[in-house]
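Reading the structure
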Amino acid sequence: MFKDEIKISVTAGRGGDGVIHWRHQKYEDKGGPDGGDGGVGGNIYIVAIKSLRALNKLKGGRDYKAEEGTQGGAQNKRGRNGKDLTIEVPVGSYIKNLKTHEEYECISENEPILIAAGGRGGFGNSHYKSGANTTPKKAGYGHDGQAYQIYIELRIIADVGIIGLPNAGKSTLLNEITNAHSKIGAYPFTTLEPSLGVAQDIVFADIPGIIEGASTGKGLGHKFLRHISRTKTLLHLVSLESDDLLGDYKTIRKELKQYKYDLEQKQEIVVLTKQDLVDEAVADNAKKLFDKHNTEPVFVISSTDKVSIKKLFDFILTKIQ
Ligand SMILES: Nc1nc2c(ncn2[C@@H]2O[C@H](COP(=O)(O)OP(=O)(O)OP(=O)(O)O)[C@@H](O)[C@H]2O)c(=O)[nH]1
Ligand SMILES: [Mg+2]
């Protein structure tokens with residue numbers, strides 16, 4: 001299971017209590033106050049890690065707790081601070097604090113973001129000493145750490161998103177141009193989760209097939225579209241096998257439009273696939289049809305024709321670099 005959305009609780013450590021204590025000295029019945037302050041509770045951080053690909057390591061609904069500070073000691077000894085807790089997420093994660101509504105984007109690796117601060121330690125009685133009160137009999141309790149509900153969503157960071165109806169040849173293309181080994185099948189919904197591939201430092205994301213009504217939950221739904229929210233360019237694949245090429249194309253455009261993040265504003269390259277399955281005239285006419293509607297050049301490819309794929313890749317290079 002590819003987990004790309006999760007809700008967890010976080011509770012930063014409570015501060016340690018301050019203590020009431022009196023100095024013990026020879027020939028002195030009761031020394032002055034020397035109760036130390038409690039230690040600070042541990043903070044909770046979120047940090048992005050490149051090697052993580054999904055949120056699978058996290059457990060939904062769990063309360064992630066940082067350690068409490070310990071209580072103060074005699075001789076003004078401060079309590080020990082609680083250990084911080086760091087939660088690891090994949091690069092590209094979006095975090096929302098459901099209480100304060102603060103939002104964070106985990107784009108950079110190894111830059112911890114503080115999401116819940118540990119509580120302060122309480123003051124020991126030596127802290128309350130003054131000219132007017134040299135023997136204060138009070139100490140403070142430690143403060144609670146911040147506690148929140150946190151929503152985490154992964155938005156993969158890729159340069160190019162490959163989209164289209166099921167069976168359009170998306171995974172085939174990803175495998176042809178990158179180092180990926182995405183599963184290929186002659187049936188819809190072979191790909192059930194986004195997969196990534198890299199070629200010349202360009203990251204491609206193969207997005208599971210989208211169908212009409214995806215935005216209302218049909219097929220695999222539209223939730224995978226969040227993974228192209230950060231891509232620069234979309235490769236929109238349309239299979240030449242179809243009897244209604246423009247219809248297929250518009251189906252996807254409609255779903256993009258109905259999704260948030262302005263996906264339909266993204267730069268799009270139309271790619272007509274499976275050229276080897278149709279007559280040359282059919283492919284030519286299809287290309288003309290799409291050329292009329294698109295400002296970017298339209299590509300016609302076949303997995304059996306490496307030159308056609310190379311041409312497409314070279315064009316992508318000019319768009320990305
Ligand atoms: N003849 C031919 N078959 C192709 C070509 N590209 C893909 N196919 C076949 O079309 C079928 C679907 O290919 P996939 O790459 O799995 O398609 P997909 O778009 O990833 O499909 P989903 O993951 O289900 O959305 C497979 O049987 C592929 O072998 C092509 O250029 N020519
Ligand atoms: Mg696929």
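Only a predicted model underlies this, so the values are computations on that prediction, with no experimental measurement involved.

1. Brief notes about the site of ligand 1
In the region of ligand 1, 21 residues are neighbours, and Thr172, Phe189, Thr191, Asp276 and Ser303 sit closest. Measuring from an oxygen atom of ligand 1, one finds a backbone N or O atom of asparagine 167 at 2.9 Å. With respect to ligand 1, the side chain of aspartate 276 contributes an N or O atom lying 2.7 Å from a nitrogen atom. For ligand 1, whose unbound accessible area comes to 650 Å², protein coverage reaches 86%. Residues belonging to the shell around ligand 1 are distributed by class as follows: eight nonpolar, 10 polar and three charged.

2. Overview of the pattern of salt bridges
Pairing of side chains with opposite charge becomes possible as their charged atoms draw close. Using the criterion set out here, one finds 15 salt bridges in the structure. One salt bridge in this structure joins aspartate 4 and arginine 226, with 3.2 Å as the shortest N-O distance. With aspartate 4 in the segment before strand 1 (5-11) and arginine 226 in the loop between strand 11 (202-206) and strand 12 (233-239), the pair connects residues that are 222 residues apart, well separated along the chain. Taken individually, aspartate 4 and arginine 226 each receive the classification buried, so the pair is uniform in this respect. Between glutamate 153 and arginine 155 there is a salt bridge, with its nearest N and O atoms 2.8 Å apart. Comparing glutamate 153 with arginine 155 shows no difference in burial state: the two are buried. One continuous salt-bridge network, built from bridges that share partners, spans Asp4, Glu5, Glu153, Arg155 and Arg226.

3. A word on the pairing of strand 9 (residues 160-164)
Across the five residues that make up strand 9, a large majority, five, are buried. Where burial is concerned, the two faces of strand 9 agree: the one with Val160, Ile162 and Gly164 and the one with Gly161 and Ile163 are both buried. The pairing of strand 9 with strand 11 spans three bridges and is classified as parallel. Residue glycine 161 lies in a different strand from strand 11, and its bridge partner there is alanine 205. Taken together, the five bridges between strand 9 and strand 12 define a ladder with parallel strand orientation. Bridged to isoleucine 163 within strand 12 is histidine 236.

4. So, the coordination of the magnesium ion (ligand 2)
Ideal geometry at a metal centre gives angles of 109.5 degrees when four donors are arranged tetrahedrally and 90 or 180 degrees when six donors are arranged octahedrally. The magnesium ion (ligand 2) binds to the protein through Ser171 (OG) and Thr191 (OG1), with metal-donor distances spanning 1.9 to 2.1 Å. Placement of serine 171 in helix 1 (residues 170-177) and of threonine 191 in the loop between helix 1 and strand 10 (195-199) is noted, with a sequence separation of 20 residues between them. Pair check on accessibility: serine 171 and threonine 191 agree, each one buried.

5. Some words on helix 3 (residues 280-293)
End to end, helix 3 covers 21 Å across 14 residues, agreeing with the expected 20 Å (1.5 Å per residue, within 8%). Taken together, the buried positions of helix 3 are occupied by Ala283, Ala286 and Phe290. Down the axis of helix 3, the sector holding all buried residues measures 65 degrees, keeping them to one side. Within helix 3, the exposed residues directed more than 90 degrees away from the buried face are Glu280, Lys288 and Lys292. Tucked inside the fold, the buried residues of helix 3 contact helix 2 (245-258), strand 13 (267-273) and strand 14 (299-300).

6. Digging into the sheet that holds strand 7 (residues 113-116)
Within a beta sheet, neighbouring strands are joined by backbone hydrogen bonds and run either parallel or antiparallel to one another. If you trace the three strands from one edge of the open sheet to the other, you get 4-2-7, paired in mixed fashion. Edge positions in the sheet fall to strand 4 (85-90) and strand 7, since each of these pairs with one other strand and no more. Adjacent strand axes in the sheet meet at a mean angle of 35 degrees when their direction is disregarded. Note that strand 2 (residues 44-49) and strand 7 share three bridges and pair antiparallel. Across the sheet, the residue bridging to isoleucine 44 is alanine 116, located in strand 7.

7. Considerations on the domain arrangement of the protein chain
Each assigned domain of the protein chain is listed here: domain 1 (1-154) and domain 2 (160-320). Each of domain 1 and domain 2 was reduced to a C-alpha centroid, and the two centroids are 48 Å apart. Here domain 1 and domain 2 share an interface that buries about 770 Å² over both sides, 39% of which is from carbon and sulfur atoms. On the domain 1 side of the interface with domain 2, the three residues burying the most area are Phe2, Asp4 and Glu153, jointly 58% of the side's total. Along the contact surface separating domain 1 from domain 2 lie four salt bridges. For arginine 226, the salt bridge is made with glutamate 5, and the minimal N-O distance between the two is 3.5 Å. Remark: the boundary between domain 1 and domain 2 carries seven residue pairs in polar contact (both at pLDDT 80 or more). For the side of domain 1 that touches domain 2, the element with the highest residue contribution is strand 8 (residues 147-154), accounting for three residues.

What counts, and at which threshold
Residues numbered from 1 in each chain as written. Chains lettered and ligands numbered in written order. Predicted model: local features only at pLDDT ≥ 70, side-chain atom pairs only at ≥ 80, totals over all residues. Heavy atoms only, no water. Near = heavy atom within 4 Å. Polar contact = N/O pair within 3.5 Å; in protein donor to acceptor, adjacent residues only side chain to side chain. Areas by Shrake-Rupley, 256 points an atom, 1.4 Å probe, with all protein chains shown as cover. Nonpolar A, V, L, I, M, F, W, Y, C, P; charged D, E, K, R; others polar. Salt bridge = Lys/Arg side-chain N within 4 Å of Asp/Glu carboxyl O. Helix = DSSP H or I, 4+ residues; strand = E, 2+ residues; numbered from the N terminus. Buried < 20%, exposed > 50% of the residue type's maximum accessible area, 1.4 Å probe, protein only. Pairing = 2+ DSSP bridges. Donors = N, O, S within 2.8 Å, 3.2 Å for Na, K, Ca; no water. Expected span 1.5 Å × (residues − 1). Arc of directions from axis to C-beta. Contact = heavy atoms within 4.5 Å. Axes fitted to C-alpha atoms, helices over the stretch in contact; angles between N-to-C directions. Domains from an automatic or database assignment. Buried area = accessible area lost by both parts, 1.4 Å probe.

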